[in-house]
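Listed below are the residues making up each chain.
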Amino acid sequence: MEEHCYPVEAEAIRAIDDEVKPGVPYPEILVEIRANAKDQGLWNLFLPDKEHGAGLTNWEYGILCEQMGRSPIVAPMAFNCAAPDTGNMEILVDHGTDEQKERFLRPLLEGEIRSCFSMTEPEVSGSDPTTLQTRAELAGGEWVINGHKWFTSGANGADFAIAMVVTDPDAPPYTRASMILVPIDNPGFELVRNVSVMGHDGGPGHCEVRYTDCRVPESNLLGERGAGFVIAQDRLGPGRIHHCMRAIGTAERAIEMMCERANSRESFGGPLADKQFVQDFIATSRMEVDQARLLTLYAAWQMDTEGKRRARQAISMIKVVAANVVMDVLDRAIQVHGSLGMSDDTPLAGMWRFMRMLRVADGPDEVHKMVIARRELNRAAKRAEAAAGEGEESSDAAGQAEPAKAAS
Ligand SMILES: Cc1cc2nc3c(=O)[nH]c(=O)nc-3n(C[C@H](O)[C@H](O)[C@H](O)COP(=O)(O)OP(=O)(O)OC[C@H]3O[C@@H](n4cnc5c(N)ncnc54)[C@H](O)[C@@H]3O)c2cc1C
């Protein structure tokens, strides 16, 4: 990071914006950095199986995500660990056929191409994907896809999309959708525009896309027909740990910058570091970041030791906590930097814009909170039910022999 990423960070961010286009997945400045990282084995660090990646646990990889999150736009790309490719590679490893792995996974692992994930639609609520409208119908051995997507991040310069589409509209809501692999040079795939996000529309983009009679072979179905939701969930568990640990790395760098500025900037007869308001910013940020880090590593550890399903509650919690902590810390760091913080002369403003998405993408805060609360409420209901059951059993028994025990 110190030798290769930070020194070129600002230049690389500009190059990503300016140079990436169809056929150019990465800008020139990153080509050598990526080759270097690959040579050193700092590559595909996210994949937990040794055949394809580094073989690290989620907990171990989380530590590396924190480091990469210190430069959240450049570093994940440098190490071939950037979303949405990471999630796409994971589901191709788990659900791809041999043919799909050779055509789509191998070049992603090698870093020759990028990919995108195409689920959200402008017309319906992305928080509730049972409402998806994009359809795929089988005709003459091909899937014919028609629909409208947006926020297909990274579509500009990508080689293919994994599209989540409705294949079985009459099935129960959670088995209506499937995943289909769509090469982007398909004539039925139209990249309408990079949606401008907080004034930014450069680079790989968050793209609006139209599928119009977009035909792909039947064999491009990824996983089982109707398994779209299951595969989407598979993708999101580890992805959330990665996002959260990167957010913590970003927040950690913001604290460092805030302290450096507070120590060096004088105002009203002394350094900003002596002002209690600023000390409160720093102390609060330190407490929040350390709490968020421990909670995230706990979720990763739970996933490694008890499985994704058991870790669901912790994963939902960190998704809310880390996304909010990083925004609060960045906001304080910007405040301490004054007008410099608002400018693009430091990475702070760019990181703020980049990180704001975390409170919305992969499930908005409110949806995660709803789910967290529901699980707690269910647990309480089960406890009450069990207690009532015990009470009934005890009173049956009491009727026969042991009244004292029933009372206890
Ligand atoms: C920068 C960025 C990148 C993205 N990248 C991708 C990508 O690569 N691929 C992709 O498919 N999608 C992507 N998305 C889309 C993202 O997944 C959706 O924005 C998200 O799922 C929310 O859907 P929506 O935008 O339709 O908001 P809506 O579903 O319309 O929700 C709007 C708001 O309503 C509130 N809300 C919703 N449900 C509830 C509830 N049950 N209780 C209380 N409040 C509620 C929340 O405040 C929520 O923010 C990206 C989004 C952003 C911002």
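Scoring rules and cut-offs
- All chains use their own residue numbering, which begins from 1 and follows the written sequence.
- Per-residue local features of the predicted model are confined to residues with pLDDT of at least 70, and side-chain atom pairs are confined, for both listing and counting, to 80 or more; whole-chain, interface and lining totals are unaffected and use all residues.
- Hydrogens are left out, water is left out, and the side-chain values use all remaining heavy atoms of the structure.
- Salt-bridge detection follows one rule: a side-chain nitrogen of Lys or Arg within 4 Å of a carboxyl oxygen of Asp or Glu.
- For helices the rule is a DSSP run of H or I covering at least 4 residues; for strands it is a run of E covering at least 2, with both sets numbered from the N terminus onward.
- The buried label applies to any residue whose accessible area, calculated with a 1.4 Å probe on protein chains only, is under 20% of its type's maximum; exposed applies above 50%, and partly exposed to all values in between.
- Two aromatic rings, drawn from Phe, Tyr or Trp (for Trp, its six-membered ring), form a pair once their centres lie within 6.5 Å of each other, and the interplanar angle then sorts them: stacked below 30 degrees, edge-to-face above 60, tilted otherwise.
- Distance and angle both matter: a charge sits over a ring if NZ of Lys or CZ of Arg is within 6 Å of the ring centre and within 35 degrees of the ring normal.
- To define axes, lines are fitted to C-alpha atoms, for helices over the stretch in contact only, and angles between the resulting N-to-C directions are given on a 0 to 180 degree scale.
- Orientation is classified from the angle alone, with under 35 degrees giving roughly parallel, over 145 giving roughly antiparallel, 65 to 115 giving roughly perpendicular, and any other angle giving oblique.
- Here a crossing is taken to be left-handed if its near helix is turned anticlockwise relative to the far helix by less than a right angle, and right-handed if that turn runs clockwise.
- For this classification, the nonpolar set comprises Ala, Val, Leu, Ile, Met, Phe, Trp, Tyr, Cys and Pro, the charged set comprises Asp, Glu, Lys and Arg, and every other residue, Gly included, is treated as polar.
- Proximity is defined per residue: any heavy atom of the residue falling within 4 Å of a molecule or strand makes that residue near it.
- The term polar contact refers here to a pair of N or O atoms within 3.5 Å; inside protein, the definition further demands a hydrogen-donor-capable atom paired with an acceptor-capable atom, and it admits residues adjacent in sequence only when both atoms are side-chain atoms.
- Computed with the Shrake-Rupley method and a 1.4 Å probe, the accessible areas treat only the protein chains shown as cover for residues.
- Using a grid of 1 Å spacing that covers the protein atoms alone, one calls a set of points a cavity when a 1.4 Å probe fits there but cannot get out, and a pocket when the set is open and has protein on both sides within 12 Å along at least five of seven lines; lining residues are those with an atom within 4 Å of a point.
- Grid points are joined across faces, edges and corners, and a volume is the space filled by probe spheres set on the points.
- To get the bend at a residue, fit one axis to the 7 residues ending there and another to the 7 starting there, then take the angle between the axes.
- Pairs of residues are marked as contacts when any of their non-hydrogen atoms sit within 4.5 Å.
- For two strands to count as paired, DSSP must find a minimum of two bridges between them.
- Values of pLDDT, the confidence the predictor places in each residue, fall between 0 and 100.

Trainee: For the pattern of salt bridges, give the residues involved together with the corresponding values.
Mentor: This model, assessed by the stated rule, comprises 20 salt bridges. Here R293 and E252 are joined by a salt bridge, their closest N and O atoms 2.8 Å apart. With R293 in helix α8 (residues 276-306) and E252 in helix α7 (residues 228-264), this residue pair connects regions lying 41 residues apart in the sequence. Here R332 ties to E288 by a salt bridge, and the two come within 3.2 Å at their closest N and O atoms. In this pair, R332 is assigned in helix α9 (residues 312-337) and E288 in helix α8, connecting sequence segments 44 residues apart. The burial state of R332 is the same as that of E288; both residues are buried.

Trainee: Got a sec to walk through the packing of aromatic side chains? Specific residues and values, please.
Mentor: Counted under the stated rule, the structure contains 5 aromatic pairs. Sitting over the face of the ring of Y26, R34 holds its NZ or CZ atom 3.6 Å from the ring centroid. Between the NZ or CZ atom of R235 and the centre of the ring of F117, over which it lies, the distance is 4.0 Å.

Trainee: An account of the packing of α7 against α8 is needed here, citing residue identities and associated values.
Mentor: For any two helices packed against each other, the geometry is given by the interaxial angle and the distance between the axes. Where α7 contacts α8, the axes come no closer than 10 Å and their chain directions differ by 160 degrees. Classified by the interaxial angle, the pair formed by α7 and α8 is roughly antiparallel. Between α7 and α8 lies a crossing whose hand is left-handed. Its residues placed into classes, the contact of α7 with α8 shows 19 nonpolar, 3 polar and 3 charged.

Trainee: Would you mind going over the site of the ligand in detail, with residue names and values included?
Mentor: In the vicinity of the ligand, 18 residues are found, and the nearest of them are T120, S125, G126, S127 and F151. Residue G126 places a main-chain N or O atom 2.7 Å away from an oxygen atom belonging to the ligand. One of the side-chain nitrogen or oxygen atoms of E366 is found 2.8 Å away from an oxygen atom of the ligand. Look at the ligand: alone it shows 970 Å² of surface, and the protein chains cover 68% of it. Those elements giving two or more residues to the shell around the ligand turn out to be β3 (142-153) and α12 (365-400).

Trainee: For empty space enclosed by the protein, give the residues involved together with the corresponding values.
Mentor: One pass over the full model with this rule turns up 1 cavity of 30 Å³ or more. Put simply, the largest cavity is a space of about 30 Å³. Forming the walls of the largest cavity are P129, T130, L132, V166, P173, R176, A177 and F229. Looking at the lining of the largest cavity, its residues break down into 6 nonpolar, 1 polar and 1 charged.

Trainee: Help me get a handle on the layout of surface pockets, residues and values and all.
Mentor: The rolling of a water-molecule-sized probe over the atoms marks out the regions of remaining empty space. In this structure, the second largest pocket encloses a volume near 380 Å³. Considering the residues around the second largest pocket, the lining is formed by 16 residues, among which A10, I13, D344, T346 and G350 are closest to the centre. When contributions to the lining of the second largest pocket are tallied by element, the ones reaching two or more residues are α1 (9-19) and α11 (348-356). Per-element accounting of the lining of the second largest pocket gives the leading share, 5 residues, to α1. Taken together, the residues of the lining of the second largest pocket break down into 7 nonpolar, 2 polar and 7 charged.

Trainee: I'd love a proper account of unusual backbone geometry, names of residues and values included.
Mentor: Residues other than glycine predominantly adopt negative phi, and peptide bonds predominantly adopt the trans conformation. Here the residue pair A83 and P84 is connected by a cis peptide bond, since its omega of 0 degrees sits within 30 degrees of zero. Within the secondary structure, P84 is located in the loop between α4 (75-78) and α5 (85-95). Positive phi outside glycine occurs at N80, with the angle close to 55 degrees. Relative to the assigned elements, N80 resides in the loop between α4 and α5. In this structure, D213 is a non-glycine residue whose phi angle is positive, near 45 degrees. Mapping D213 onto the fold places it in strand β7 (residues 206-217). Under the relative-accessibility criterion, D213 is labelled partly exposed at 49%.

Trainee: Tell me what's going on with helix α6 (residues 98-110), and back it up with residues and numbers.
Mentor: The largest bend in α6 comes to about 35 degrees, at F104, with the proline P107 one to four residues further on. For α6, every residue scored as buried is listed here: Q100, F104, L105, P107, L108 and L109. Close packing links the buried residues of α6 with α5, β1 (115-118), β4 (160-166), β5 (177-183) and β8 (221-222). G111 lies just past α6 and shows a positive phi near 80 degrees.

Trainee: Outline the pairing of strand β2 (residues 135-139), listing residues and values.
Mentor: Relative to β3, β2 runs antiparallel, the two sharing 5 bridges. By the bridge assignment for β3, A136 is matched with I145. Hairpin connection between β2 and β3: a loop of 2 residues separates the two successive antiparallel strands, and G140 in this loop has a positive phi of roughly 55 degrees.

Trainee: Got a sec to walk through the confidence of the model for the protein? Specific residues and values, please.
Mentor: Counting all residues, the mean pLDDT for the protein is 94, and 96% of those residues have values of 70 or more. Overall, residues 398-408 carries pLDDT values under 50, and its contacts beyond four positions in sequence, including any with other chains, amount to 4 contacts.

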